[in-house]
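Chain and residue survey
Single-letter residue listing:
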Amino acid sequence: MTRICALSDLDDGKPFAVEVDDVAVVLVRQGDEVHALRDECSHAELALSEGEVTRKGIECWLHGSCFDLRTGRPSAPPATEPVDVYAVTVVAGEVHVDVSTTTN
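Residues numbered from 1 in each chain as written. Predicted model: local features only at pLDDT ≥ 70, side-chain atom pairs only at ≥ 80, totals over all residues. Heavy atoms only, no water.

Another aspect to go through is the pairing of strand β2 (residues 16–20). As defined by bridge partners, β2 adjoins strand β3 (residues 23–30) across 5 bridges and the pair is classed as antiparallel. Bridging from a neighbouring strand, V18 pairs with V25 of β3. (Pairing = 2+ DSSP bridges. Helix = DSSP H or I, 4+ residues; strand = E, 2+ residues; numbered from the N terminus.)

On to the nonpolar core, then. One finds I4, V25, L27, Y86, V95, V97 and V99 to be the most contacted residues of the largest nonpolar core, which totals 15 residues. When residues of this core are traced back to their parent elements, those giving at least two are β1 (2–6), β2, β3, β4 (33–38) and β10 (94–102). Setting aside anything within four residues of it in sequence, one finds V95 in contact with T2, R3, I4, C5, A6, L7, L10, L27, V34, V88, T89 and V90. With 12 residues, the next largest nonpolar core counts L48, C60, F67 and V83 among its residues. (Core = buried A, V, L, I, M, F, W, Y, C linked by side-chain atoms within 4.5 Å. Buried < 20%, exposed > 50% of the residue type's maximum accessible area, 1.4 Å probe, protein only. Contact = heavy atoms within 4.5 Å.)

The tally for this structure, following the rule as stated, stands at 0 disulfides. Unpaired in terms of disulfides, C41 finds its nearest cysteine sulfur in C60, a separation of 3.9 Å. Residue class for C60 comes out buried when judged on its relative accessible area of 1%. (Disulfide = S-S within 2.5 Å.)

This brings us to the pattern of salt bridges. Counting across every chain of the model gives 4 salt bridges. The residue R3 makes a salt bridge to E94 at a minimum N-O spacing of 2.4 Å. Of this pair, R3 sits in strand β1 while E94 sits in strand β10, and the two are 91 residues apart along the sequence. For E94, a relative accessible area of 23% corresponds to the partly exposed category. Note that E40 and R38 form a salt bridge whose closest N and O atoms lie 3.8 Å from each other. With relative accessibility at 32%, the residue E40 sits in the partly exposed group. (Salt bridge = Lys/Arg side-chain N within 4 Å of Asp/Glu carboxyl O.)

These values are about where atoms sit, not about what they do.
Next comes the structure, spelled out in structure tokens:
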């Protein structure tokens, strides 16, 4: 697990781009829960952190592919392949991410 930031550094529902051990990751806070996904659309290879969070997940800004924050599975086309989802732990207000294993 790598410490990324304080939970208070993340705005609720706003993508936050970071690099963890040379892996591009997008963090999305929802209340006290934080999701971490590979910051690359599986359809167009663009940064998901440049998109927005909707009720369906995180949406790629170019073609509208949307990915579930918990599973990484596409919830809207044109993407058909999931993106990696990484383990996140929030301890004492600090966000930690593990990119060595995916949870999907």
